[in-house]
Amino acid sequence: MGDKPTILIWSEHPALARELVGAARQALGPGGDVALLAPTGVAVDIRSVDVVFTTESADESPEAWAALLAAAVSQTEPALVLVGATKLGLQVAPRLAERIGAGYAAWATGFTLEAGTGAVAARCSLYSGGALAYHQFKPGRVVLTAAPGALTAPADAPSPERIARQSTLTAEVDGIAPTVIGVRPKATSAARLEEAHAVIDIGQGVKAEEDLALIESVAALLDGQLACTRPLSSDRDWFPEWLGLSGKKVAPELSLLIGVSGAIQHIVGVRDSRVIAAVNNDENAAIFAQADVGVVADLYAFLPVLVERIKARGMRPAWQ
Amino acid sequence: MNIVALVKYSRDVTEIKVDPATSELRTAGVPERVGLIDKNVVEAAVRLKEATGAGLKVIALAPATARDSFKDVLAMGVDEVVLIEDPFDGEAEAGIVVRLLEAAIRKLDPVDVVLCGFASDDGYSFQVGPRLAERLRRPLLAYARGITPEGGGLRVEQNLDDRMQTVTAPLPALVSIDEEAFPPRRTTLMDALKAKKKPVNVWGIETELGLSRADLESSARIADTRLTGVVVRRQQRVLKGQDLGAMADELIDALEQAGVLKGAA
Ligand SMILES: Cc1cc2nc3c(=O)[nH]c(=O)nc-3n(C[C@H](O)[C@H](O)[C@H](O)COP(=O)(O)OP(=O)(O)OC[C@H]3O[C@@H](n4cnc5c(N)ncnc54)[C@H](O)[C@@H]3O)c2cc1C
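Not measured: the values here are computed from a predicted model.

Caption draft 1: Molecular detail of the overall build of chain A. In terms of helices and strands, chain A carries seven helices and 17 strands. C-alpha atoms of chain A, sized along the principal axes, occupy 65 × 45 × 35 Å. Across the 320 residues in chain A, those meeting the buried criterion constitute 56%.

So this is what it looks like as structure tokens:
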């Protein structure tokens, strides 16, 4: 540690690892070192980091990654370890913190590292995104996780040309990891939600699967992709995925929320939309405080009228 | 076989409001309860109990006044609740909570299966399972959608980011369950009556767990935490009335003004 602090980075996702490298570089300025444990089989731009660890191990279990990271920690003595907040990363990071006796916080959206002391402070998302926690850590090593896009480093973050020192890491995994006996890929929807200009986001106010025809008629006029709240996916199985805390996050031009109550766990999935509109028949629904424009109406009565008026007035999405 | 389910006494985050002027969080009066994810944990544990004939205890960290909040959990089929009286008022960092849970599990040993949620409703930081696995040195079967006893161990269906994965591990083991995978059963009046006879034992961290508050505090890695609310800046225009056509027109106008819709060229 000392006055030339190191930040160690790992994510199994190359794009997320690159994002974390950018954020680390920016936090360190020219003074410190960025070390990267590279995801298996991925070529790294070795000019953006100072130290690269690669591994030949085919073991991609959380136990194996935690062991490799612990080995990388003892070689680089980092003040901070940044891990991508995926389901895998969120298993690896707390394990590592426990193993090396480091401080730990999840869902960082920003951090500072004091050059002289190595003291770390972090801003983290809390209460499903409804709050921010500012943690000042005690002196000593800290592990943080950050989700994709959470630590947005400017695209033009300075990346001085460096030539990284490279070495191969191996680590012993003790015999307490579960044994993998089968793997099958998950169904994902064909809809490219992240690329949609408009998202028509429906909730339990939509009662029956037949009613999707009505929703689709709205979506067609607005050039929108259908999305839903968690119960429509997990309980009713209408869609393979949902928006929100535990689902996808989108940031389209327009999100139109239909029959959605506005629970914070759902709202975090759409709150970066440029414009939010909502239809709900309960005037007291939380969604109205989260929307730019809200309509208090029964969706079954209102949507056909909306469709008729959009057509009658010859309105089109602005991007078409 | 003995099962322990870890249950978090959590804040209902949907009730946390933010003062729009000051960004201050209004947490006073926010109800605390057995978490929704944690009810799923109990369901998973009861199913495993039914499949194996095991004993089942719940460990929770909560104020002693929360005793009555565990009636439902007992009615679902748990034999006993161990309530660790929380000396930190729900504010301890996860590293400390994990030490308390570890001590309670060790005191209940032999414990063959520890079940917990992949995260809690309020903290949602995914820490407890992995950290306990490290401390207890037990295999962690994380993000479980299905749990089956098999060959003296467990087989678990894991819901990972991009795939479903089947894993096995011998006992003793730790399982963290995926959200909503085990919707809690409805309980009957009979269950509730039976639950009345089941114990909620309150354990003190010093008296029963043999830990010292000072030692726990010195293991904290976070010196200070400040919270602020996230304020949404939306226009919050609300259209209501009887004339649906007029409301549709107003919505269309608003979307046109916002640059989302445009008229016929
Ligand atoms: C830890 C945790 C994580 C979670 N993660 C997510 C997540 O990622 N994504 C997610 O979506 N949820 C998540 N949830 C669940 C979330 O808290 C809400 O329960 C859920 O989003 C509610 O979905 P909903 O709005 O469709 O349903 P409801 O809350 O039931 O709302 C339905 C709404 O429809 C309205 N309505 C009914 N009939 C009509 C009608 N005829 N016309 C107009 N309006 C009507 C009602 O007034 C109501 O407001 C999570 C919960 C927890 C505890």
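Caption draft 2: Geometry of the environment of Arg99 of chain A. Among the structural elements, Arg99 of chain A can be located in helix 3 (residues 89-100). When its relative accessible area of 35% is taken as the criterion, Arg99 of chain A is described as partly exposed. A sequence separation of 29 residues divides Arg99 of chain A from Ala70 of chain A, and the C-alpha atoms of the two residues are 7.7 Å apart. Residues contacting Arg99 of chain A, with those up to four places away along its chain left out, are Ala66, Ala67 and Ala70 of chain A together with Glu134 of chain B.

Caption draft 3: Representation of the nonpolar core in the model. In terms of nonpolar packing, the biggest core is built from 68 residues, with Leu69 of chain A together with Leu6 and Ile59 of chain B touching the most fellow members. Considering each element in turn, this core owes the most residues, nine residues, to helix 3 (residues 94-108) of chain B. Not counting residues up to four positions away in its chain, the partners in contact with Leu6 of chain B are Asp38, Val41, Ile59, Leu101, Ile105, Val114, Leu115, Cys116, Val128 and Leu132 of chain B.

Caption draft 4: View of the sheet that holds strand 13 (residues 222-229) of chain B. Judged by pairing direction, the sheet is antiparallel, and its four strands sit side by side in the order 6(A)-7(A)-8(A)-13(B) without closing on themselves. Edge strands, defined here as strands with exactly one partner in the open sheet, are strand 6 (108-113) of chain A together with strand 13 of chain B. Here the average twist between neighbouring strands, direction ignored, is 15°. Sheet topology places strand 6 of chain A next to strand 7 (residues 120-126) of chain A; five bridges connect them, and they run antiparallel. Its bridge partner lying in strand 7 of chain A, Thr112 of chain A is registered against Ala121 of chain A.

Caption draft 5: Representation of the packing of helix 7 (residues 299-312) of chain A against helix 7 (residues 244-257) of chain B in the model. Contact geometry for helix 7 of chain A and helix 7 of chain B: axes closest at 9 Å, N-to-C directions at 60°. Taken together, helix 7 of chain A and helix 7 of chain B sit at an angle that is classed as oblique. Both helix 7 of chain A and helix 7 of chain B take part in a crossing whose hand is right-handed. In this structure, helix 7 of chain A contributes Ala301, Phe302, Val305, Leu306, Arg309 and Ile310 of chain A to the contact, and helix 7 of chain B contributes Leu244, Gly245, Met247, Ala248, Asp249, Leu251 and Ile252 of chain B. The class makeup of the residues in the contact of helix 7 of chain A with helix 7 of chain B is 10 nonpolar, one polar and two charged.

Caption draft 6: Structural context of the site of the ligand. The local shell around the ligand holds 30 residues, among which Thr229, Leu243, Ser261, Gln265 and His266 of chain A are the closest. Two or more chains meet at the ligand, and those chains are chains A and B. Between an oxygen atom of the ligand and a side-chain N or O atom of Ser261 of chain A, the distance comes to 2.6 Å. For the shell around the ligand, the elements supplying multiple residues, two or more each, are helix 5 (230-234), helix 6 (264-267) and helix 7 of chain A together with helix 1 (36-52) of chain B. The class makeup of the residues in the shell around the ligand is 12 nonpolar, 13 polar and five charged.

Caption draft 7: Quick peek at the packing of aromatic side chains. Counted under the stated rule, the structure contains nine aromatic pairs over all chains. Both rings, one in Trp107 of chain A and one in Tyr124 of chain B, keep their centres 6.4 Å apart while their planes meet at 15°; by these two values the pair is stacked. Residue Trp107 of chain A is found in the loop between strand 5 (103-105) and strand 6, and its partner Tyr124 of chain B is found in the loop between strand 7 (113-117) and helix 4 (128-136); the two belong to separate chains. When sorted by exposure, Trp107 of chain A lands in the same class as Tyr124 of chain B, which is buried. With centroids separated by 5.0 Å and ring planes inclined at 85°, the aromatic side chains of Phe118 of chain B and Phe126 of chain B adopt a geometry described as edge-to-face. For Phe118 of chain B, a relative accessible area of 5% translates into the label buried. Members of the aromatic cluster, each reached through a chain of ring pairs, are Trp107 of chain A together with Phe118, Tyr124, Phe126 and Tyr143 of chain B. A cation over a ring is seen here: Lys87 of chain A above Tyr143 of chain B, with NZ or CZ 4.8 Å from the ring centre. The lysine or arginine in question, Lys107 of chain B, covers the ring of Trp203 of chain B, its NZ or CZ lying 5.4 Å from the ring centre.

Caption draft 8: Just the sheet that holds strand 15 (residues 275-280) of chain A, in detail. Spatially, the six strands line up as an open sheet ordered 13(A)-12(A)-14(A)-15(A)-16(A)-14(B), and their pairing is parallel. Only two strands of the sheet have a single partner each, and these edge strands are strand 13 (224-228) of chain A together with strand 14 (237-239) of chain B. Sheet twist, expressed as the average angle between the axes of neighbouring strands with direction ignored, equals 20°. Direction of pairing for strand 12 (residues 198-202) of chain A relative to strand 14 (residues 254-258) of chain A: parallel, over a ladder of five bridges. Counted as the bridge partner of Asp201 of chain A is Leu257 of chain A from strand 14 of chain A. In the packing of helix 7 of chain B onto the sheet, contacts are made with strand 14, strand 15 and strand 16 (293-296) of chain A together with strand 14 of chain B, and the angle to strand 16 of chain A comes to roughly 170°.

What counts and how
Residues numbered from 1 in each chain as written. Chains lettered and ligands numbered in written order. Predicted model: local features only at pLDDT ≥ 70, side-chain atom pairs only at ≥ 80, totals over all residues. Heavy atoms only, no water. Helix = DSSP H or I, 4+ residues; strand = E, 2+ residues; numbered from the N terminus. Buried < 20%, exposed > 50% of the residue type's maximum accessible area, 1.4 Å probe, protein only. Contact = heavy atoms within 4.5 Å. Core = buried A, V, L, I, M, F, W, Y, C linked by side-chain atoms within 4.5 Å. Pairing = 2+ DSSP bridges. Axes fitted to C-alpha atoms, helices over the stretch in contact; angles between N-to-C directions. Parallel < 35°, antiparallel > 145°, perpendicular 65-115°, else oblique. Left-handed = near helix turned anticlockwise from the far one by under 90°. Nonpolar A, V, L, I, M, F, W, Y, C, P; charged D, E, K, R; others polar. Near = heavy atom within 4 Å. Polar contact = N/O pair within 3.5 Å; in protein donor to acceptor, adjacent residues only side chain to side chain. Phe/Tyr/Trp six-rings, centres within 6.5 Å; stacked < 30°, edge-to-face > 60°. Lys NZ or Arg CZ within 6 Å of the ring centre and 35° of its normal.

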